[in-house]
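Spelled out from the first residue to the last, the chains are:
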Amino acid sequence: MWAFQSPHSPAQLPSHPIQLSRSSPKPPICFVNLNPNFSSTISTTNNNQLIQSLCKQGNLKQALNLLSNESEPTQHTYELLLLSCTHKNSFLDAQFVHRHLLANGFDQDPFLATKLINVYSYFGSTDDARQVFDKTHSRTIFVYNALFRALTLAGHGEEVLCLYRKMNSIGIPSDRFTYTYALKACVASDCSVSLLTKGKEIHAQILRHGYEGLVHIMTTLLDMYARFGSVSYATSVFNEMPVKNVVSWSAIIACYAKNGKPFEALELFREMMLETQDLSPNSVTMVSVLQACAALAAFEQGRLLHGYILRRGLDGILPVVSALITLYARCGKLELGQRVFDQMEKRDVVSWNSLISSYGIHGLGEKAIQVFEDMNRNGITPSPISFISVLGACSHAGLVKEAKFLFDSMHNVYGLYPSVEHYACMVDLLGRANRLEEAAKVIADMRIEPGPKVWGSLLGACRIHCNVELAEWASSKLFELEPTNAGNYVLLCDIYAAAGMWDGVKRVKRLLEARGLQKVSGRSWIEVKRKIYSFMSVDEVNPQIEQLHAFLFELSTEMKEKGYVPQTKVVLYDLDADEKERIVLGHSEKLAVAFGLLNTNNKQTIRITKNLRLCEDCHSFTKFISKFTNKEIMVRDVNRFHHFHDGVCSCGDYW
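Residue numbers restart at each chain and count upward from 1, following the sequence in its written direction. Totals for whole chains, interfaces and linings use every residue, but because this is a predicted model, local features are given only for residues with pLDDT of at least 70 and side-chain atom pairs only at 80 or more, for both listing and counting. Note: side-chain values were computed over all heavy atoms of the structure, leaving out hydrogens and water.

Tell me about the overall build of the protein chain, and name the residues and values.
Numbering of helices and strands runs from the N terminus; a helix is a DSSP stretch of H or I covering at least four residues, while a strand is a stretch of E covering at least two. Per the secondary structure count, the protein chain includes 32 helices and six strands. Radius of gyration (C-alpha) of the protein chain: 32 Å, far over the 26 Å computed for a compact globule of 655 residues. Considering only C-alpha atoms, the protein chain reaches an extent of 120 × 55 × 55 Å along its principal axes. Relative accessibility under 20% of the residue-type maximum defines a buried residue, over 50% an exposed one, and the middle range a partly exposed one, all with a 1.4 Å probe and only protein chains included. Of all 655 residues assigned to the protein chain, the portion counted as buried reaches 48%. To get the radius of gyration, use the C-alpha atoms; to get the globule rule, take the number of residues to the power 0.38 and multiply by 2.2 Å.

Below, the structure written as structure tokens:
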């Protein structure tokens, strides 16, 4: 065998006689080398093997030293070197290997081009990944897929779709990975209508080429529709899947939970548990189910899920624990959420954000700020979502001075530029505090284009304080940005009605009808004996509806004698007083309260969830009910938590 003089120098023939070891029974067999290049061939082979071995052992620096003296590295050697660069998180070494690779004529190797693109994607350098792609003339589907993956991860969805069209035009057939990346590209940036159309086109291509049997592609397709809020399309894809795994079940449950259908999400979870006994929910499933329970304030079901999580050993997974904190907070059990947080062995920024927002939705702004400061003291750097949570908490508590300081610290202290969501929080904060002119100035001075959330915050504030002039300005912008969002038209109607401007109400209603839009119906949920009940203002299906209406009429009559005055200004019709009273008495949250009073004992807290903002009359009515019946009632609307007790609300009538 040949011997190395040094691991950093080429192997040479031994210049001295080979000495036998004491254990050698006979002299070695000698071969005559007739090939003068034989020693260099052996040297090259051994050097490649040694470089590969060093990479596998994690000795990247030694491997790179050998690479400098290696004249003929193989494809596999370069592959292991690039992989080792990612393991060592060394971008500069990856660039060195890339230069060496080019110098040795591997610049047109599609396999190595794929590896290089993956490496640059790992380091977040999409420009370098794009350059590798552009310089590779042998463009196989693998090279395309590598760049698609890199661009999708970086959020460059439209560029992926552009390249995808080009790839199709030159006749390169897509594979299962191509379709997956193309679908993800549709939702990588903004979820515009044009991208949804593109997603539908890709769906058609998947069916045309017979890929509908692959569960991974169909799950990605389902998730794409879910991101666009196309629940019906997502459901259709799910129902037609020949094979469903835990990922596809988790995706459809998340689709319902995140698109305003928490009740349906829980029903799907029950179906999964009953029909797929061979499939166990994973952490992703449990996060979505917990979110659905939180949306419905389903405390008893949430506790059962908590027990299941403990039995399955999922309580060590951070997203699950963060979802538990949010669940308890949204069920009015802040102390349980705090206890879950305190028992965590490890906390990330998401865990802290969950606790901050928990105090925020309960109107405990100062406590939310304290948690934010504790997070900093524990060495956790706030994320943009941290600031959304703490600014939202300030808004619900009317902490204008504190919010301004936090908003300014985003860039001055943490180097973060405010996004549209942060500006929307500030507009909401100032608007609620009846500093509408100041809120309008924030919008005028924005460094980025105001989006629907910003204008929506201003319009919502105008509704609270009945500012018609600013409401018309905000709504005109919203009608341009969100022409199909009926909620904006309804808010403007509310403002006109409160101001007695019935011509304005009629004009906006005609606009709604002309555009084929309908107001979102008010809906409330209540959990009684671990079962969720749903109520709507116009409900002809519920068998107890007549009993509930009669009970409410009786309560209302008795409360009027004790000082309750129905606030009928929320009715958007020019009707007489009695008719308006009848309408407000049928609001969904009142029906849920009545159901709770009839079906719970005196010691049980009534917990209700509402899909819209709590109206002034329902707020006043529930305050009276809590005192009149000596009952504790919790209502969580779309904005915040209301805790009614003895005729007082925790929001202090500031919501």
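Could you give an account of the environment of Ser232, with specific residues and numbers?
With respect to the secondary-structure elements, Ser232 resides in helix 12 (residues 231-240). Here the alpha-carbon distance between Ser232 and Cys493, two residues 261 residues apart in the chain, equals 30 Å.

Go over the sheet that holds strand 4 (residues 633-636), please, and point to the residues and values.
Here a strand pair is declared whenever DSSP counts at least two bridges between the two strands. Taken together, the six strands give an open sheet; going across it, the order is 2-1-3-4-5-6, and neighbouring strands pair in mixed fashion. The open sheet has two edge strands with one neighbour each: strand 2 (531-536) and strand 6 (648-649). Where strand 1 (residues 523-528) lies against strand 3 (residues 606-610), three bridges are found, and the strand directions are antiparallel. What sits directly across from Ile526, in strand 3, is Ile608. Along the sheet, helix 16 (residues 299-311) contacts strand 1, strand 2 and strand 3; its crossing angle with strand 1, the most-contacted strand, is approximately 60°. It only takes one pair of heavy atoms within 4.5 Å for two residues to be counted as in contact. Every axis corresponds to a line fitted to the C-alpha atoms, with the helix fit spanning only the stretch in contact, and the corresponding angles, defined between N-to-C directions, vary from 0 to 180 degrees.

Lay out the pattern of salt bridges with the relevant residues and their values.
Any Lys or Arg side-chain nitrogen found within 4 Å of a carboxyl oxygen on Asp or Glu counts as a salt bridge. Per the stated rule, a full pass over the model turns up 23 salt bridges. Linking Glu616 and Arg463 is a salt bridge whose minimum nitrogen-to-oxygen distance equals 2.9 Å. Pair noted here: Glu616 is in helix 32 (residues 616-628) and Arg463 is in helix 25 (residues 452-465), with a separation of 153 residues, a long-range link. Salt-bridge contacts for Glu579 lead to Arg582; the nearest nitrogen and oxygen are separated by 2.8 Å. On the criterion of helical spacing, the pair formed by Glu579 and Arg582 is a turn pair, its members being three residues apart in helix 30 (residues 577-585). You can call Glu579 partly exposed: its relative accessible area is 30%. Classification of Arg582 as exposed rests on a relative accessible area of 56%.

For the packing of aromatic side chains, give the residues involved together with the corresponding values.
Only centres within 6.5 Å qualify two rings of Phe, Tyr or Trp (six-membered ring in Trp) as a pair; their planes then separate them into stacked at under 30 degrees, edge-to-face at over 60, and tilted for everything else. On inspection of all chains with the given rule, the structure shows 20 aromatic pairs. Here Phe91 and Phe123 contribute two aromatic rings whose centre-to-centre distance is 5.4 Å and whose plane-to-plane angle is 65°, an arrangement assigned as edge-to-face. Note that Phe91 is positioned in helix 4 (residues 91-103) and Phe123 in the loop between helix 5 (110-122) and helix 6 (126-135), a separation of 32 residues in sequence. Accessibility expressed as a relative area gives 27% for Phe91, which makes it partly exposed. Seen from their ring centres, Tyr144 and Phe148 are 5.9 Å apart, and the 55° between their planes marks the pair as tilted. Of this pair, Tyr144 and Phe148 are both found in helix 7 (residues 141-153), four residues apart, which corresponds to roughly one turn of the helix. Side by side, Tyr144 and Phe148 carry an identical accessibility label, which is buried. Ring pairs connect the aromatic residues Phe91, Tyr120, Tyr122 and Phe123, which therefore count as one cluster. In this analysis the charged atom, NZ for Lys or CZ for Arg, is taken to sit over a ring once it is within 6 Å of the ring centre and within 35 degrees of the ring normal. Note that Arg347 overlies the ring of Phe341, its terminal NZ or CZ placed 4.4 Å from the centroid. Seen from the ring of Phe621, Lys590 lies directly overhead, with NZ or CZ sitting 5.5 Å from the centre.

Tell me about the nonpolar core, residues and numbers included.
Buried Ala, Val, Leu, Ile, Met, Phe, Trp, Tyr and Cys residues that are joined via side-chain atoms within 4.5 Å together make up what is termed a nonpolar core. In this structure, Leu81, Ile117, Ile202, Met224, Ile252 and Leu458 are the most contacted members of the largest nonpolar core, which totals 166 residues. Apart from the residues within four sequence positions on either side, Ile202 is in contact with Leu161, Tyr164, Tyr179, Ala182, Leu183 and Cys186. In this structure, Leu591, Val593, Ala594 and Trp655 belong to the second largest nonpolar core, which totals 32 residues.

I'd love a proper account of helix 5, names of residues and values included.
Working rule for helices: expected span equals 1.5 Å times residues minus one. Between the first and last C-alpha of helix 5 there are 18 Å, a value that for 13 residues agrees with the 18 Å anticipated at 1.5 Å per step. The set of residues buried in helix 5 consists of Leu112, Ala113, Thr114, Leu116, Ile117, Val119, Tyr120 and Ser121. On its buried face, helix 5 sits against helix 3 (75-87), helix 4, helix 6 and helix 7. The term polar contact refers here to a pair of N or O atoms within 3.5 Å; inside protein, the definition further demands a hydrogen-donor-capable atom paired with an acceptor-capable atom, and it admits residues adjacent in sequence only when both atoms are side-chain atoms. You can read the cap of helix 5 off the contacts: a side-chain oxygen lies 2.9 Å from the backbone nitrogen of Phe111, and it is on Asp109. Of the residues flanking the end of helix 5, it is Gly124, one or two places downstream, whose phi is positive at about 75°.

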